[in-house]
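# Examination of the molecular architecture
Listed here are the chains, written in short residue letters.
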Amino acid sequence: MKRFHTKAQSFNPGHKEDFQPLCLRPYLCALVRNLFVAFLFIRVIETHASAPARIVISVDMSGHAQVEAELATPSRSWSFRNAYAGALGFAERVTDFRATNDSGQDAGARKSASGEFRSEREATRIAYTVDLSQISGAEVPHISWLTADRGFLMFADLIPQDIETLSAEFKLPPSWTLESSLSPDKDGRYEVLEPDKAVFLLGNSLRKTSNTADLELVVNGTWPFKDAKAIDAATQVMKYYTALTGFRLPGKSLIAIAPFPLGSSKWIAETRGSTVMLLIDPNVHFDTWIGQLKVIFTHEMLHLWVPNSLQLAGDYDWFFEGFTMYIALRAALELRVINFKGFLETLSGAYDVYISHPDDVSLIRASETRWTSGFNQVYVKGMLVAFLYDLKLRKESGAAATLADRYRELFGGRIAANANGNEAIIGLLDAAPAMNGFGELYVENNTKLELEQLLPAYGLTLGSSGRKSQLQVSRNLSTEQKQLLRSLGY
């Protein structure tokens, strides 16, 4: 949708004529009138263009959602997202698509391709059904789904991509409720400015808990942990990342926990917009449930900041997934969820995964093909590269600087909105003189990691016991190495 923008006018008092009564000049009076009319015209266009569509979503217990939309502007075409995070073809769930004009006359809508609908005449209202009952384990939690007891609605795949803003009303089965990071108005409608980021948990017996105005926890199902303990763990993680980034998240964040509907995973999660979705197998056993939740939170909640609060372009998954894995591991150590031995064991395990797969593309290329290739190194190599960066920076600075400092700089306002993510972050990583060229070596180029040779300089050794690597502290440490490892948590 095209948008019109006005440009601020300037006034230069350096010329005498500028101080003369403006209306003594007829041609200036006419110009002012024309500019005023044009300004009003532009404002009307802007208001009309940004007016929200009015949406009504009716959910039934068979797993179907009926959507009715009153459009802000007439249209003849509508497109639904059909691919996301490796899930493909889910726009085929949209059926019974109809389009009408203000008088209720049929506009002759037809399906032109998967997820694409066209009408013969302009329409101001559309209606359709989405079957959310059929979903595979690989697609959860990336797309909307419903069971007889609960579900997640995500406007990214439920609403046509052509609709930029909307006002939504929900009609739910008896006894069902709905929760979101968005708050409804007094009429129960949700004003959604960014539909791609909107997530709603709905179902029977939703329980909501909050410690602060910034974070809420919504739980569905029966679990071996207390909701109050879970929100305490999430609050600790949020405070940790707020301090690490120096950036307070705008608005409210929501963590939604529900039973995993299918699949063999113990748990699966996704963070979209300001919502963390965590789905857990009800039959799984964890030795320490709150500890496990806190470990999950350290990774998923960092996504509320990176990349969700950044306005960067391009595929830089190596950073917001791989580096996030390392920062989350550091968070788990500093929050005392794990000890230093567990910290090293996790990195050893990541290295075993890394060397068991080919490393034949750069991290930038792996990010571009993350969802179209088989196994890629975005996660494990990205994590190990972050570890090396942190070690090198601590060593070169005498333990005065760490990778965490780069996150504070990332949110410090120095990077322009919509900048290329790869260029901006590599430039940030390489900013310290001692780190110049690190990004080119390990991110832009396909440099293989040989930790056995690299780690001894930092007071660490990497050996093997059977099929597993063992990352350990060296026996004879220099004063500099002791200082580095102590700063790391040793």
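Since the model is a prediction, treat every value here as computed from it, not as a measurement. (Residues numbered from 1 in each chain as written. Predicted model: local features only at pLDDT ≥ 70, side-chain atom pairs only at ≥ 80, totals over all residues. Heavy atoms only, no water.)

### A closer look at the overall build of the protein chain
Here is the rule we go by: Under the DSSP-based scheme used, a helix requires at least four consecutive residues in state H or I and a strand at least two consecutive residues in state E, with every element numbered from the N terminus. When accessible area is computed with a 1.4 Å probe and restricted to protein chains, residues below 20% of their type maximum are described as buried, those above 50% as exposed, and intermediate ones as partly exposed. Note on contacts: a residue pair is in contact if any heavy atoms of the two residues lie within 4.5 Å.
From N to C terminus, the protein chain includes 13 helices and 22 strands. When the 490 residues of the protein chain are sorted by exposure, 49% land in the buried category. At a minimum sequence separation of 6, the contacts of the protein chain that also span at least 24 residues come to 65%.

### Structural notes on the pattern of salt bridges
Heads up, the rule is: Any Lys or Arg side-chain nitrogen located within 4 Å of an Asp or Glu carboxyl oxygen qualifies as a salt bridge.
Scanning all chains against the criterion turns up 24 salt bridges. Across the salt bridge formed by D214 and R248, the nearest N and O atoms sit 2.9 Å from each other. Of this pair, D214 sits in the loop between β14 (207–210) and β15 (215–219) while R248 is found in the loop between α3 (227–245) and β16 (253–259), placing the two residues 34 residues apart along the sequence. Classification of D214 by relative accessible area gives partly exposed; the value is 25%. Here R330 ties to E334 by a salt bridge, and the two come within 3.1 Å at their closest N and O atoms. On the criterion of helical spacing, the pair formed by R330 and E334 is a turn pair, its members being four residues apart in helix α5 (residues 317–334). Since its relative accessible area comes to 44%, E334 is described here as partly exposed. One connected set of salt bridges, linked through shared partners, spans D317, E321 and R370.

### Considerations on α5
For clarity, the cut-off: Expected helix span is given by 1.5 Å per residue-to-residue step, counting one fewer step than there are residues. Bend, in this description, refers to the angle at a residue between axes fitted to the seven residues ending there and the seven starting there.
In a regular helix each residue adds 1.5 Å, so 18 residues correspond to 26 Å; α5 covers 25 Å between its end C-alpha atoms and thus fits that length. A bend of about 30 degrees at T324 is the largest found in α5. With 16 of its 18 residues buried, α5 lies for the most part within the structure. Taken from the residues just after α5, R336 is the one with a positive phi, measuring 65 degrees.

### A word on the sheet that holds strand β13 (residues 199–204)
Applied cut-off: Should DSSP find at least two bridges between two strands, the strands are regarded as paired.
Within the open sheet, the four strands sit side by side as β8-β9-β13-β11. Their pairing is antiparallel. With one partner strand each, in any of the chains shown, β8 (145–146) and β11 (176–180) form the two edges of the open sheet.

### Details of the pairing of strand β17 (residues 267–272)
Along β17, five of the six residues are buried, which leaves the element largely enclosed by surrounding structure. As paired strands, β17 and strand β18 (residues 275–280) are joined by six bridges and run antiparallel to one another. Across the sheet, A269 pairs through a bridge with L278, a residue of β18. Between β17 and β18, which pair antiparallel one after the other, the connecting turn spans two residues, and G273 there sits at a positive phi close to 60 degrees.

### A closer look at the packing of α3 against helix α9 (residues 403–410)
As a reminder, the rule being used: Interaxial angle, 0 to 180 degrees, is taken between N-to-C directions of lines fitted to C-alpha atoms, where a helix line uses only the stretch in contact. These descriptions rest on fixed angle ranges, namely under 35 degrees for roughly parallel, over 145 for roughly antiparallel, 65 to 115 for roughly perpendicular, and the rest for oblique. Residues were grouped as follows: Ala, Val, Leu, Ile, Met, Phe, Trp, Tyr, Cys and Pro as nonpolar; Asp, Glu, Lys and Arg as charged; and all remaining residues, including Gly, as polar.
As a packed pair, α3 and α9 sit with axes 7 Å apart at the nearest point and diverge in direction by 80 degrees. When the axis of α3 is compared with that of α9, the two are roughly perpendicular. For the pair α3 and α9, the contacting residues are A243, L244 and T245 in the first and A404, Y407 and R408 in the second. Considering only residue class, the contact of α3 with α9 consists of four nonpolar, one polar and one charged.

### Looking at the packing of aromatic side chains
What counts here: Classification of ring pairs rests on two measures: the distance between centres of Phe, Tyr or Trp rings, Trp counted by its six-membered ring, which must be within 6.5 Å, and the angle between planes, read as stacked under 30 degrees, edge-to-face over 60 and tilted in between.
Under the criterion given, the structure shown has 32 aromatic pairs. Relative to F200, the ring of F155 has its centre 5.1 Å away and its plane inclined at 40 degrees; by these criteria the two rings are tilted. Here the residue F155 occupies a position in helix α2 (residues 155–158), and F200 occupies one in strand β13, the gap between them amounting to 45 residues. Taking the relative accessible area as the measure of exposure, F155 reaches 1% and is therefore buried. An aromatic cluster is defined as three or more aromatic residues linked by ring pairs; in this entry it consists of W78, F80, F97, F117 and Y128.

### A few points about the nonpolar core
To keep things clear, this is the line we draw: In this description, a nonpolar core means a group of buried Ala, Val, Leu, Ile, Met, Phe, Trp, Tyr and Cys residues linked to one another through side-chain atoms lying within 4.5 Å.
In terms of nonpolar packing, the biggest core is built from 92 residues, with I257, M301, W318, Y326, F343, F387 and L455 touching the most fellow members. Beyond its immediate chain neighbours, meaning those up to four positions away, F387 contacts Y326, F343, L347, L455, L460, L471 and L488. Among the nonpolar cores identified, the runner-up in size contains 38 residues, and A123, I126, L158 and L202 belong to it.

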